[in-house]
Amino acid sequence: MNDQSPTDPVLAHVEPVPGGLYGDQPYEAALSDLRAAVTEVSAALRDADATTAQQLTHYQQELNRAQLQLRPGDSDALQRAHTLARTVRQSLAGGIA
């Protein structure tokens, strides 16, 4: 598998549209952060053993739920989204996968 493999997660290649509906706003930044974390978890799932895959799947579900609950005017939800993404990345870096 290489960087150009068609089996790479699609979200790794998706970028927010500049000037979109919420472009350059905290909502867009939080949503991008969550999507990037989902991409990292998806990539880690490819090579994970059964135990690690279970934890990664849990993270994936939490991240997806956070995306659905995210609202532009809810600053607490925006902060929780960033915190969740940071927690997931720290777990990945710490050797969960």
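See the structure printed just above.
Note that the coordinates shown come from a computational prediction; the quantities given were computed from them, not determined experimentally.

## With respect to the nonpolar core
Note that soluble globular proteins tend to have their nonpolar side chains buried in a common cluster.
Working step 1: Among the nonpolar cores identified, the biggest contains 21 residues, and Leu34, Val41, Leu56, Leu63, Leu70, Val88 and Leu92 are the most heavily contacted of them.
Working step 2: The residues contacting Val41, other than those within four sequence positions of it, are Leu56, Tyr59, Gln60, Leu63, Val88 and Leu92.

## Examining helix α3 (residues 75–96)
Working step 1: Between the first and last C-alpha of α3 there are 30 Å, a value that for 22 residues agrees with the 32 Å anticipated at 1.5 Å per step.
Working step 2: Regarding α3, the residues found buried are Ala77, Leu78, Ala81, Leu84, Ala85, Val88, Leu92 and Ile96. All buried residues of α3 fall inside an arc of 130° around its axis, so they share one side. In this structure, α3 carries Ser75, Asp76, Gln90, Ala93 and Gly94 as exposed residues pointing more than 90 degrees from its buried face.
Working step 3: At its buried positions, α3 is contacted by α1 (26–45) and α2 (50–69).

## A closer look at the packing of α1 against α2
Two measures define how a pair of helices packs: the angle their axes make with one another and the distance between the axes.
Working step 1: As a packed pair, α1 and α2 sit with axes 10 Å apart at the nearest point and diverge in direction by 160°. Taken together, α1 and α2 sit at an angle that is classed as roughly antiparallel. You can see that α1 and α2 cross each other, and the crossing is left-handed. Contacts between α1 and α2 involve Leu31, Leu34, Arg35, Ala37, Val38, Val41, Ser42, Ala44 and Leu45 from the first element and Ala53, Leu56, Thr57, Tyr59, Gln60, Leu63, Asn64, Ala66 and Gln67 from the second.
Working step 2: Residues that form the contact of α1 with α2 fall into these classes: 12 nonpolar, 5 polar and 1 charged.

## Considering the packing of α2 against α3
Working step 1: Between α2 and α3, whose axes approach to 10 Å, the crossing angle comes to 165°. In terms of orientation, α2 and α3 fall into the roughly antiparallel class. Seen along the crossing, α2 lies across α3 with a hand that is left-handed. Contact residues: α2 offers Thr52, Gln55, Leu56, Tyr59, Glu62, Leu63 and Ala66, while α3 offers Leu84, Ala85, Val88, Ser91, Leu92 and Ile96.
Working step 2: Tallied by class, residues from the contact of α2 with α3 come to 9 nonpolar, 3 polar and 1 charged.

Criteria and thresholds
Residues numbered from 1 in each chain as written. Predicted model: local features only at pLDDT ≥ 70, side-chain atom pairs only at ≥ 80, totals over all residues. Heavy atoms only, no water. Core = buried A, V, L, I, M, F, W, Y, C linked by side-chain atoms within 4.5 Å. Buried < 20%, exposed > 50% of the residue type's maximum accessible area, 1.4 Å probe, protein only. Contact = heavy atoms within 4.5 Å. Helix = DSSP H or I, 4+ residues; strand = E, 2+ residues; numbered from the N terminus. Expected span 1.5 Å × (residues − 1). Arc of directions from axis to C-beta. Axes fitted to C-alpha atoms, helices over the stretch in contact; angles between N-to-C directions. Parallel < 35°, antiparallel > 145°, perpendicular 65-115°, else oblique. Left-handed = near helix turned anticlockwise from the far one by under 90°. Nonpolar A, V, L, I, M, F, W, Y, C, P; charged D, E, K, R; others polar.

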